[in-house]
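# A look at the structure
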Amino acid sequence: MATAEQRAIAATGLAADAAQRTELEPDLARAWAALAEVPDPEIPMVSIVELGIVRDVHVDADGVEVVVTPTYSGCPATDVIMDSIVEALAASGFASPRVVTRLSPPWTTDWMAPEGRRKLTAFGIAPPGAAAPRIDVAGISPLRRKGVAVPCPRCASTSTRLVSQFGSTACKAHYRCEACLEPFDYFKPH
């Protein structure tokens with residue numbers, strides 16, 4: 001059982017923690033705003049926040065820490081993304097920002113923001129979505145299975161065909177629309 005003095009000390013500590021959290025809320029909002037301006041280097045029309053790779057942001061008396069999960073553990077753009085995060089936060093007034101890579105749980109296309117999906121479509125990249133079911137990547141040539149309809153981001157036709165399992169980057173496949181005859185990348189769900 002806690003004494004009255006122990007309860008008072010605990011209450012003072014809780015009040016101080018709450019005051020510090022309230023003080024740091026503007027810094028947290030400023031950090032998220034800075035990160036929302038960092039483009040993905042391979043898909044620059046989408047920010048790293050819209051892509052869903054920024055998992056968490058912590059602001060405390062020691063500064064800011066950003067937790068990131070890359071789209072692929074071997075993504076060649078990871079170092080560029082980390083450097084861009086540090087630069088953006090430093091430009092927003094954060095001294096010595098820290099970036100932590102967390103690979104578990106692995107990134108999934110489910111983490112992409114709706115605005116990021118819209119931007120991909122507007123740019124001509126078919127985003128993963130309800131029209132394109134999750135693909136079992138355990139088998140050989142999973143994208144070649146029947147029943148996977150990838151809508152064209154230009155004309156919305158589902159009369160499309162896989163040209164190559166790898167598009168402009170490893171996270172995308174290359175398709176061609178049979179209706180408008182335009183080629184396009186498809187951001188593979190995983």
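Basis of the calculations
Residues numbered from 1 in each chain as written. Predicted model: local features only at pLDDT ≥ 70, side-chain atom pairs only at ≥ 80, totals over all residues. Heavy atoms only, no water. Core = buried A, V, L, I, M, F, W, Y, C linked by side-chain atoms within 4.5 Å. Buried < 20%, exposed > 50% of the residue type's maximum accessible area, 1.4 Å probe, protein only. Helix = DSSP H or I, 4+ residues; strand = E, 2+ residues; numbered from the N terminus. Contact = heavy atoms within 4.5 Å. Salt bridge = Lys/Arg side-chain N within 4 Å of Asp/Glu carboxyl O. Phe/Tyr/Trp six-rings, centres within 6.5 Å; stacked < 30°, edge-to-face > 60°.

### Side note on the nonpolar core
- Formed by 30 residues in total, the largest nonpolar core has its most connected members in V66, L89 and F187.
- Looking at this core, the elements that each hand over two or more residues are α1 (4-36), α2 (48-51), β1 (54-60), β2 (63-68) and α3 (78-91).
- Considering every element that reaches this core, the biggest residue donor is α3, with 5 residues.
- Not counting the four nearest positions on each side in its chain, V66 is found in contact with L35, V54, D56, V57, I85, L89, R98, V99 and V100.
- By size, the runner-up hydrophobic cluster in this structure holds 9 residues, among which are A126, V150, C152 and L162.

### A few points about the pattern of salt bridges
- According to the stated counting rule, one finds 5 salt bridges in the structure shown.
- The shortest N-O distance in the salt bridge between E50 and K119 comes to 2.8 Å. One end of the pair, E50, is in helix α2; the other, K119, is in helix α4 (residues 114-123), and 69 residues separate them in sequence.
- A salt bridge links R98 to E65, with the nearest nitrogen and oxygen atoms 3.7 Å apart.

### Quick look at the packing of aromatic side chains
- Overall, the coordinates contain 3 aromatic pairs when judged by the stated rule.
- Arranged with centres 5.8 Å apart and planes meeting at 20°, the rings of Y175 and F184 form a pair that is stacked. There is no split in this pair, since Y175 and F184 are both buried.
- Taking the centre distance of 5.7 Å and the plane angle of 80° together, the rings of Y175 and Y186 count as edge-to-face. Taken together, the residues span a long stretch of sequence, with Y175 in strand β6 (residues 172-177) and Y186 in strand β7 (residues 183-187) at a distance of 11 residues.
- By relative accessible area, Y186 is classed as buried at 0%.
- Taken together through their ring pairs, the aromatic side chains of Y175, F184 and Y186 make up a single cluster.

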